[in-house]
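Architecture at a glance
Listed below, chain by chain, are the residues.
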Amino acid sequence: MAKVYISAGHSSDDPGAVGYVVERDEVWAIANMVAEELNALGITTYRDGWTYSCMETINDANAKGVDLFVEYHENAGGGQGAECIIHNSGSQSLANAIKAGFAEVGQNWRRTIVDPSFLVLKYTNCTAIIVECAFVDNATDADKFKTDAAKRALAKAQARSIAGYLGVSVSSSASTSGGTGWKQDDKGWWYVKPDGTIYASTWAEINGKWYLFDTNGYMKTGWQQDGGKWYYLNTDGSMQKKWVSYQDKWYYLDEIEGDMTSDEFRKINGDWYRFNPDGTMAEKTTLKVGEDGKITD
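Bear in mind that the values here come from a model prediction, so they are computed numbers and not experimental data. (Residues numbered from 1 in each chain as written. Predicted model: local features only at pLDDT ≥ 70, side-chain atom pairs only at ≥ 80, totals over all residues. Heavy atoms only, no water.)

The next thing to look at is the pattern of salt bridges. Under the counting rule described, the total for this entry stands at 10 salt bridges. The closest approach of N and O atoms between E36 and R152, which form a salt bridge, is 2.7 Å. A residue pair is termed long-range when its members are at least 10 positions apart, and E36 in helix α1 (residues 23-40) and R152 in helix α6 (residues 148-166) qualify at 116 residues. Classification of E36 by relative accessible area gives buried; the value is 11%. (Salt bridge = Lys/Arg side-chain N within 4 Å of Asp/Glu carboxyl O. Helix = DSSP H or I, 4+ residues; strand = E, 2+ residues; numbered from the N terminus. Buried < 20%, exposed > 50% of the residue type's maximum accessible area, 1.4 Å probe, protein only.)

A separate point is the sheet that holds strand β3 (residues 68-75). Pairing in this open sheet of 6 strands is mixed, and the strands run β2-β1-β3-β6-β4-β5 from one edge to the other. Each of the sheet's edge strands pairs with one partner strand only, and the pair in question is β2 (44-47) and β5 (109-114). Between one strand axis and the next, the sheet turns by 20° as a mean value, whatever way the strands run. Looking at chain direction, strand β1 (residues 3-8) and β3 are connected through 5 bridges and run parallel. Each bridged residue has a counterpart across the sheet, and for I6 the counterpart in β3 is V70. Strands β1, β2, β3 and β6 (127-135) of the sheet are contacted by α1, whose axis makes an angle of about 150° with β3. (Pairing = 2+ DSSP bridges. Axes fitted to C-alpha atoms, helices over the stretch in contact; angles between N-to-C directions. Contact = heavy atoms within 4.5 Å.)

Turning our eyes to something else, we now look at unusual backbone geometry. In most cases, non-glycine residues show a negative phi, while peptide bonds are predominantly trans. Despite not being glycine, H10 has its phi angle at roughly 75°, a positive value. Structurally, H10 is set in the loop between β1 and α1. Residue H10 is classed as partly exposed on the basis of its relative accessible area of 25%.

It is worth spelling out the pairing of β5 at this point. Two strands pair when backbone bridges link them, and strand β4 (residues 82-86) and β5 are joined in this way by 5 bridges, in the parallel orientation. What sits directly across from E83, in β5, is R111. Handedness of the β4-helix α3 (residues 92-104)-β5 crossover: right-handed. (Right-handed = clockwise from strand over helix to strand, strands pointing away.)

Glancing now at the environment of L94. Turning to its location among the elements, L94 is positioned in helix α3. Judged by its relative accessible area of 0%, L94 falls in the buried class. With 34 residues separating them in the primary sequence, L94 and A128 have C-alpha atoms 8.8 Å apart. Contacts of L94, omitting those with residues within four sequence positions, involve L68, T127, I129 and Y165.

Here it is in structure tokens:
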């Protein structure tokens, strides 16, 4: 099965073009959804990280030996519609597939540009394409994919177009064969929803328990950081709450949200505990009290 790398233009410290919407925020959402939809079609898909530089993304894609690289952007400069940039005319069939995906959701197609100077086109070891979904400084374009539903429709269309380019039948999805529910392969576990899609890059509550799924749709385990907070996921993937022992140290996870308690005193079942900045429970600690009676450390 082909492997596809889906990249989102710009990163945590680079918002990209700013107009009616912010390019980075829009394309990160779209790229995540495209990856989810490709996974749902049984295509192995990878995503770049939020803090990756351009060369880190390229090196990651090359290290994974992908067959296709697609990077999503949004444009600026007074135009309207979608366009793409390719390395040479040999990628025209891929550009045509991408164009068909935009036509499916009614987005105007402007042009295909051949320009091998872009780093992701020049240095990836596979066929690569840069896709400009819309213009952030055009009100009509900005509104076109502003809602999650519109982004999802675009992602589904793009995934079908990419699958068609790769020769993958969209009617035979490996990830949905055998019905809904938990699925497993040699990489791990994932979950197929009743609508045939999977969870990816998100938390999901399943049968009363919370699970976290990576960008490729696989269930995560162990310590995981999300939104600046730390969580502990058991070997079955479920979120741990309250006390957990890890490497001979005790930690406490919020009984409601599941995030790790750190650098604070906390009253638990009527008793007070002190937790270090790294989340470990303090043992045999000495507390310092200031002249005003306040605990300083």
